[in-house]
Amino acid sequence: MSEGKVLLSAERLSKRYRAVTALDDVSFVITDGVTGILGENGAGKSTAIKIFLGLLRPTSGVALALGENASESIAVRTRLGYMPEHDCLPSNVSAAEFLTHMAEASGLPPTAARARAADTLRHTGLFEERYRPIGGYSTGMKQRVKLAQALVHDPAFVFLDEPTAGLDPMGREEMLALVRKTHRDFGISVLFSSHLMADVERTCDRIIVLQGGHVMHEGEVGRFTQDTQTVFIEVDANRDALMTALQRRGVTVTLEGGGLSIEGSDQSVYDHVRDALVESHAPLRRLAPRRRALTELFERQPVARA
Amino acid sequence: MSADATRADLHPGVTGTVFDIGYRNYTGAREGIRRSRLAVYKDGLRTALGIGRGGRAKILPIGFMVILSVIGLIMALIAGAIDRYTSPGMSRTLNLPSHSDYYGIAAMILFVFAAVVAPELLCRDKREGVINLYLVRPLSGSDYILSRWFAFLTVILAAALLPQIILFLGLLLSDPVPFNYFKAHWYDIPKFLGAGSVMAMYTTTLALLTASYTARRAYASVFLVGLFVITAPFTIGLAQELGGPAGQWVSMFNLTNIPLHVSDIIFGDVAELTKIAPARQLGPTVLSLWCALWIVAPGALLWSRYRRLTP
């Protein structure tokens, strides 16, 4: 994992329910920034979050949140925020009143709670609507209130569980922008739980991939895509001859659309391409390096166990 | 020309400037778990009384408070009028309803009030998922339910004691020499405080326990009203039919009478509702312990339901 201040750490963490192992001896650290936690339903994402929040006791291992054992210190939650995936908002109170109450419930004095509620509503784009009952809000606005209640007490770290669930494309864009803003402008580190790789790729600095209770992958988002960078070539003629020439040079090449996709992007690859083009007399139309999306990466190859 | 002078020339009459001060981190006090509990308690009070909610949310709690207070006021007015237009002390000679009778008269209204309002404190949080947001804050399930219990206890105490205070003040002021009335009847104050507290703890615990089993307010309300209204005639009829010790124990399950027996013991008087209850013959110790059991056991059950709650 990258360098930086360690905010959460799991050491040989396991959680077993009667017949189900939700987390199996996993270890990882989460540092300052936006970290994505990816996995299918039942992969162990929610269990990990609940352990870090001190809501579940691990069967074995240690989970530290902001340096404290989460399952032994309820007080650490004054510096943690959580945005649940499911509905959690009262319909009959205004956003201003609800946020003030949530700030107080996080330990802020009443006057500070009111000021923080107003500030947070302004930063999440709900200031104009703050006195309307939440029941009348759109789905996008409700997601913003959910995010706002997680931020209202100015936590050091916030857990976002599927923050884009149920949003239309515009709402999703706005929510992802807010998540980025949460770290960039507010200085609050984020654990972004999602099963949508595109959201994680666009928002996060690092990812942890959980599958069946195991950490299958962890590291920088950029590194994943960098490692699997490809070069895409289109030629006007002699494509098959070019492909043969490349394969003869030991280059991994696949047909993709109307062109060829070559694994790797270092200098030797370009040298091989140059030589193969000369040999096959293929007139070059286009040559471009390309990064694979995370989605494509996980579809193409089973990820390596960390 | 300076920049300020230029701005003033271009926008004459403009006196203010809007600054985007950006995000400000909170550096003030964090009061921890104590503040969190207090916040849930305060929210419980506001929810029960409909404060900060729409107009409809206020109708029922305020309406019940008014009805209960009006009962106390009418009792005070009748006693005052009789004393004024006949002779001082005549109301006591006529044995008109007073502090010891109030809970017997108002018990059913108090129970219905609890049945209607208590589910609002728990059911909505459960149905709308707000409980999940409390549990990720520095609050345990125990903190949540205890704060809610104390909040509703405060409201029920207010509903139980306010009419008694009105009645006491009414009787005090209707006396030609209020100080003499106070000197002669001050001991009514600890009595109605004690009886009211027992009534409030009993009502609060049973109402919240019932509410904890459902996310639908209407179900809890109907069940509670049914519980209090139906057990009374059913146990009275069955107790009379059985007679003897069996009848006395069946009579103990008249849920309306359980706190009223304790009220009778505190006031040293017997209310109209409990006069015919065979359970009276079991004596003050059994009746007091029975009432305590009906507060402690449901309370423990309520606590155990929330103690290990996780989102």
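Structural notes on the overall build of chain B
A tally of regular secondary structure across chain B gives 14 helices and zero strands. Beginning at the N terminus, the succession of helices and strands in chain B can be written as α-α-α-α-α-α-α-α-α-α-α-α-α-α. Computed over its C-alpha atoms, the radius of gyration of chain B comes to 26 Å, more than 25% above the 19 Å expected for a compact globule of 311 residues. Counting only C-alpha atoms, chain B reaches 100 × 55 × 30 Å along its principal axes. Counting every position in chain B, which comprises 311 residues, the buried fraction comes to 40%. For chain B, the share of sequence-separated contacts (at least 6 apart) that also reach a separation of at least 24 residues comes to 78%.

Let's talk about the overall build of chain A
Secondary structure assignment for chain A yields ten helices and 14 strands. Here the C-alpha coordinates of chain A stretch approximately 75 × 45 × 35 Å along the principal axes. Residues counted as buried form 45% of the 306 residues belonging to chain A. Pairs at least 24 residues apart make up 68% of the contacts formed inside chain A by residues separated by at least 6 positions.

Regarding the interface of chain B and chain A
Counting residues at the interface gives 35 residues for chain B, matched by 36 residues for chain A. Those elements that provide at least two residues to the side of chain B that touches chain A are α2 (32-49), α5 (99-128) and α6 (130-135) of chain B. Broken down by element, the side of chain B that touches chain A gets its largest block of residues, seven residues, from α2 of chain B. Its residues assigned to classes, the side of chain B that touches chain A comprises 15 nonpolar, eleven polar and nine charged.

Structural notes on the pairing of strand β7 (residues 157-161) of chain A
Each regular strand carries side chains that alternate between the two faces of the sheet. Residue and element names in this part refer to chain A. Within β7, five of the five residues are buried, which leaves it mostly tucked inside the rest of the structure. The alternating pattern of β7 places F157, F159 and D161 on one face and V158 and L160 on the opposite face, and all of these are buried. Of the strand pairs in this sheet, strand β6 (residues 80-83) and β7 are connected by four bridges, and their pairing is parallel. In the sheet register, M83 faces β7, and the bridge partner there is L160. Of the pairings in the sheet, the one linking β7 to strand β8 (residues 189-194) comprises five bridges and is parallel in character. In the sheet register, L160 faces β8, and the bridge partner there is F192. In this fold, β7 hands off to helix α5 (residues 169-184), which returns the chain to β8; that crossover is right-handed.

Brief notes about helix α4 (residues 139-151) of chain A
When the terminal C-alpha atoms of α4 of chain A are compared, their 19 Å separation across 13 residues agrees well with the 18 Å that a helix rising 1.5 Å per residue should span. When α4 of chain A is considered as a whole, its buried residues turn out to be Q143, R144, V145, K146, L147, A148, Q149, A150 and L151 of chain A. On the buried face of α4 of chain A, the contacting elements are β6, α2 (95-105), α3 (110-123), β7 and α5 of chain A together with α6 of chain B.

What to know about the sheet that holds β6 of chain A
Residue and element names in this part refer to chain A. Taken in spatial order, the six strands line up as β6-β7-β8-β3-β9-β10 in an open sheet, and their pairing is mixed. One side of each edge strand has no neighbouring strand; the edge strands of this open sheet are β6 and β10 (214-220). For this sheet, the mean angle separating the axes of adjacent strands, direction not counted, is 15°. Along the sheet, α4 makes contact with β6 and β7, crossing β6 at roughly 165°. Across the face of the sheet, α5 comes into contact with β3 (34-38), β7 and β8 while running at roughly 155° to β8.

Observations concerning the packing of α2 of chain A against α3 of chain A
Residues and elements named next belong to chain A. With their axes 8 Å apart at the nearest point, α2 and α3 run at an angle of 130° to one another. Here α3 runs oblique to α2, going by the angle between their axes. Helix-helix and strand crossings are classified by hand; for α2 and α3 the assignment is right-handed. Counting all contacts with α2, which are made through A95, A96, L99, T100, A103 and E104, the residues of α3 involved are P110, A113, R114, R116, A117, A118, T120 and L121. A per-class count over the contact of α2 with α3 returns nine nonpolar, two polar and three charged.

Thoughts on the sheet that holds strand β12 (residues 253-256) of chain A
Residue and element names in this part refer to chain A. What the four strands build is an open sheet, ordered β12-β13-β11-β14; its pairing is antiparallel. Two strands in the sheet have a free side with no partner beyond their single neighbour: β12 and β14 (284-290). Ignoring strand direction, the axes of neighbouring strands in this sheet form an average angle of 25°. Direction of pairing for β12 relative to strand β13 (residues 259-263): antiparallel, over a ladder of four bridges. Considered in β13, the bridge of V253 is made with I262. Contacts between helix α9 (residues 267-280) and the sheet are confined to β11 (230-235), β13 and β14, with β11 contributing the most and set at about 15° to the helix.

Focus on helix α1 (residues 45-52) of chain A
All names here are of chain A. Counting buried residues along α1, eight of its eight residues qualify, which places the element largely inside the surrounding structure. Along α1, the positions that sit buried rather than exposed are K45, S46, T47, A48, I49, K50, I51 and F52. Where α1 ends, the next residue or the one after it, G54, has phi of about 80°, a positive value.

Regarding the confidence of the model for chain B
Counting all residues, the mean pLDDT for chain B is 87, and 91% of those residues have values of 70 or more. Two numbers describe this predicted complex: its pTM, 0.82, and its ipTM, 0.81.

Points about the pairing of β10 of chain A
All names here are of chain A. One ladder, built from six bridges, connects strand β9 (residues 206-211) with β10; its direction is antiparallel. Directly across from Q211, in β10, lies its bridge partner H214. Hairpin remark: β9 followed by β10, antiparallel, with two residues in the connecting loop; positive phi at G212, about 55°.

Regarding the packing of helix α9 (residues 188-211) of chain B against helix α14 (residues 284-307) of chain B
Residues and elements named next belong to chain B. Two elements in contact, α9 and α14, have axes whose closest approach is 9 Å; the angle formed by their N-to-C orientations is 35°. Judged by the twist between their axes, the crossing of α9 over α14 is left-handed. Residues V198, M201, Y202, T205, L206, L208 and L209 of α9 pack against C291, W294, I295, P298, G299, L301 and L302 of α14.

Digging into the environment of V112 of chain B
Residues and elements named next belong to chain B. With respect to the element layout, V112 can be found in helix α5. A count of 18 C-beta atoms within 10 Å places V112 in the partly exposed class. On a C-alpha basis, the gap between V112 and D101 in space is 18 Å, while along the polypeptide they are eleven residues apart.

Quick notes on the environment of P190 of chain B
Residues and elements named next belong to chain B. Counting through the fold element by element, P190 comes out in helix α9. Its 10 C-beta neighbours within 10 Å are what place P190 among the exposed residues. It is 32 Å that separates the C-alpha atoms of P190 and S36, two residues lying 154 residues apart in sequence.

Rules behind the numbers
Residues numbered from 1 in each chain as written. Chains lettered and ligands numbered in written order. Predicted model: local features only at pLDDT ≥ 70, side-chain atom pairs only at ≥ 80, totals over all residues. Helix = DSSP H or I, 4+ residues; strand = E, 2+ residues; numbered from the N terminus. Rg over C-alpha atoms; globule rule 2.2 N^0.38 Å. Buried ≥ 20, exposed ≤ 12 C-beta atoms within 10 Å, placed from the backbone. Contact = placed C-beta atoms within 7 Å. Nonpolar A, V, L, I, M, F, W, Y, C, P; charged D, E, K, R; others polar. Pairing = 2+ DSSP bridges. Right-handed = clockwise from strand over helix to strand, strands pointing away. Expected span 1.5 Å × (residues − 1). Axes fitted to C-alpha atoms, helices over the stretch in contact; angles between N-to-C directions. Parallel < 35°, antiparallel > 145°, perpendicular 65-115°, else oblique. Left-handed = near helix turned anticlockwise from the far one by under 90°. pLDDT = per-residue confidence, 0-100.

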